Amino acid sequence: MNVLLAFVITMAILLVALIKFKTSPGVALFACAIVMAMLCGMPLNDTLGYLTSGFGAIMSSIGLLIIFGGIFGMMLGDSGGMEELAKGLLRTFGKKNDMLALNLAGYIVSIPVYFGSAYITLSPLVSSLQKFTKKKTAAYVAALFTGLLLTHCVVAPTPGPLAVAGQIGANVGWFIIYGILVSLPASLLCGWQYANVMNRRSSKEDRAAGKAAAEEILNDAELLKADPSKPSAGLTLGLIAFPIVLIIINSICSVMLPEDSMLRIVFNFVGNNNVALFIAMLVTGVVLHKYLVPKVSETLWKYIDKVSDSMGNILMVIGCGNCFGMILQKSGLGEALVELLSSFNFPILLLAFALAMIIRAAVGSATVAMLTTMSIVGPSAVAMGFSPVVVGLAICVGTVGLTLPTDAAFWLPARYNDLTVKEAFSATTYSTTLAAFVAFGVVLLLNMFAGVLPGLF
């Protein structure tokens, strides 16, 4: 069967299974991976190899992040630290700007920190804020998720954008500057403002009840006062920042120090995403021991064992999602999409943007989409006289859109914030796709002035 037709049929089966029949996501993803392979006529032995390698690849990439980050986040939540941080944010920003605070937090944190670990670390804050404001959880997720994904896909030194800048020969410094210029307006419009719109679109009864409850809480100074029996907002913020600081120091040392420097070697180890979250998990357990253990009525180590048991479902969904993604990659879907889009004679920047978005949706990996699109479109675009920075950013912003169930990122809000599949689409797919188009509009503006703006000619 034609690979494009096979993909359409498989995605239809997947969406019906998830939305209509409420099938377990892990089961649906793995089953659809097999269906796609069969429709494309893949040999059974090859299919088995792709399924196992897909699961193994994602586990080696973010498996430890999910486990250590999940335990880390549960400690902050169960101890009451996230509640205190939520109250601190409400005291500082007020209820009108809570979406803005969460969006900017995600936008900043995801520059040095891998998207998965950043979301896992900050996701408990969503539940804590919702508890006090009674606003829609999906709206908070949209604000956080959009900010996180934009910098993950567009702003170096995140690996994807950094690789794009290197392959196309763009100056990394200018690529970072213009990456921020392109992504920040999209984050504010499609994260902060979109989240406010989502919250306002709830039913009239829900809005009335939520507004009354929120006003009662926010007008009662006692309810927003710091609780001495829980970790303070400052301590919680410091614990969240701890792994982020380790990762940032690692990035700085890698740029500024020679390879044989002992300091660089040490921070290359402790600033690794997996190790940094592992250390943060242990430090948080020790620091919050007196707040945590009395509430869970067990030792710290038994608590860690218990929480780690609950990570199994998340690992299944993420792993099976990448099994599906691997089958899509190996099916030749990317090449078929390139051929299809090229036949329409799109303008080169629009082709770069659309191709990156569609490949990302198809294979479920922003990095794969970036590098694939770059190899196809990048050299031709630069040869035609387009700025390497503009071409690279057009590709990067394309990978922000169409966050679908093929992508492991889609399942993080569903698993960590208890969103339904329908709510996950509203909070992730719609907001990020809108953000991609807004960011691409800014890229087109940059291209109009590429002859006069510094770093673009």
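Attention here is on the structure that accompanies the text. (Residues numbered from 1 in each chain as written. Predicted model: local features only at pLDDT ≥ 70, side-chain atom pairs only at ≥ 80, totals over all residues. Heavy atoms only, no water.)

On to the overall build of the protein chain, then. A tally of regular secondary structure across the protein chain gives 23 helices and zero strands. Across the 457 residues of the protein chain, 54% fall into the buried class. The contacts of the protein chain with a sequence gap of at least 6 include a subset with a gap of at least 24, amounting to 80%. Carbon together with sulfur atoms contributes 67% to the accessible area of the protein chain, which is approximately 19,100 Å² in total. (Helix = DSSP H or I, 4+ residues; strand = E, 2+ residues; numbered from the N terminus. Buried < 20%, exposed > 50% of the residue type's maximum accessible area, 1.4 Å probe, protein only. Contact = heavy atoms within 4.5 Å. Areas by Shrake-Rupley, 256 points an atom, 1.4 Å probe, with all protein chains shown as cover.)

Where side chains of opposite charge bring their charged atoms close, a pairing between them can arise. A complete count under the given rule lists one salt bridge for this structure. For Lys135, the salt bridge identified is with Asp98, shortest N-O distance 3.0 Å. Placement of Lys135 in the loop between helix H6 (115-133) and helix H7 (137-154) and of Asp98 in helix H5 (residues 98-109) is noted, with a sequence separation of 37 residues between them. Take Lys135 and Asp98: they sit in the same class, and that class is buried. (Salt bridge = Lys/Arg side-chain N within 4 Å of Asp/Glu carboxyl O.)

This brings us to the environment of Gly319. Examined against the element boundaries, Gly319 turns out to sit in helix H17 (residues 312-330). When the C-alpha atoms of Gly319 and Leu29 are compared, they prove to be 9.3 Å apart, with 290 residues separating the residues in sequence. Ignoring anything within four residues of it in the chain, the contact list for Gly319 reads Phe55, Ile58 and Met59.

Moving on: unusual backbone geometry. Of note in this structure, Leu402 is not a glycine but carries a positive phi near 55°. Tracing the backbone shows Leu402 in the loop between helix H21 (388-398) and helix H22 (408-416). On the accessibility criterion, Leu402 (26% relative accessible area) is partly exposed.

One pass over the structure, following the stated rule, counts seven aromatic pairs. Seen in terms of ring centroids, Phe353 and Phe437 are 5.2 Å apart; in terms of plane orientation they differ by 70°. Their pairing is edge-to-face. Residue Phe353 is located in helix H19 (residues 348-363), and its partner Phe437 is located in helix H23 (residues 421-448); the two are separated by 84 residues in the primary sequence. Using a relative accessible area of 2% as the deciding quantity, one classes Phe353 as buried. With a centroid separation of 5.0 Å and 80° between ring planes, the pair formed by Phe410 and Trp411 is classed as edge-to-face. Side by side, Phe410 and Trp411 carry an identical accessibility label, which is buried. (Phe/Tyr/Trp six-rings, centres within 6.5 Å; stacked < 30°, edge-to-face > 60°.)

To continue, consider the nonpolar core. Membership of the largest hydrophobic core comes to 139 residues, with the highest contact counts inside it found for Ile318, Phe324, Leu393 and Trp411. When residues of this core are assigned to their parent elements, the largest contribution, 13 residues, is made by H7. For Trp411, the contacting residues outside a window of four places in its chain are Leu18, Pro25, Leu29, Val317, Ile318, Pro405 and Val421. If you look at the next biggest cluster of nonpolar residues, it comprises six residues, including Ile247, Cys253, Phe267 and Val270. (Core = buried A, V, L, I, M, F, W, Y, C linked by side-chain atoms within 4.5 Å.)

Quick look at the packing of H5 against H7 now. One can describe the packing of H5 onto H7 by two numbers: an axis separation of 7 Å at closest approach and a directional angle of 30°. As summarised for this structure, H5 and H7 are arranged roughly parallel, according to the angle between their axes. H7 is crossed by H5, and the crossing has right-handed handedness. Of H7, the residues touching H5 (which contributes Asp98, Met99, Leu102, Asn103, Gly106 and Tyr107) are Ala139, Tyr140, Ala143, Leu144, Gly147, Leu148 and Thr151. Taken together, the residues that form the contact of H5 with H7 break down as eight nonpolar, four polar and one charged. (Axes fitted to C-alpha atoms, helices over the stretch in contact; angles between N-to-C directions. Parallel < 35°, antiparallel > 145°, perpendicular 65-115°, else oblique. Left-handed = near helix turned anticlockwise from the far one by under 90°. Nonpolar A, V, L, I, M, F, W, Y, C, P; charged D, E, K, R; others polar.)

Taking 1.5 Å as the rise per residue, H7 with 18 residues should run 26 Å; its terminal C-alpha atoms sit 26 Å apart, in good agreement. In terms of residue burial, H7 counts as a mostly covered element, since 17 of its 18 residues are buried. (Expected span 1.5 Å × (residues − 1).)

As a further point, take the state of the cysteines. All chains considered together, the criterion is met by zero disulfides. Just so you know, Cys396 is unpaired, no disulfide at all, and the nearest cysteine sulfur is the one on Cys153, 7.8 Å from it. Among the residues examined, Cys396 registers a relative accessible area of 0% and is labelled buried. (Disulfide = S-S within 2.5 Å.)

All right, on to a nonpolar patch on the surface then. Taken together, Met1, Leu5, Ile9 and Ile13 make up a surface patch of nonpolar side chains, about 340 Å² in accessible area. Accessibility expressed as a relative area gives 30% for Ile9, which makes it partly exposed. (Patch = residues over 30% accessible without salt bridge, like charges linked within 9 Å, V, L, I, M, F, W, Y side chains within 5 Å.)

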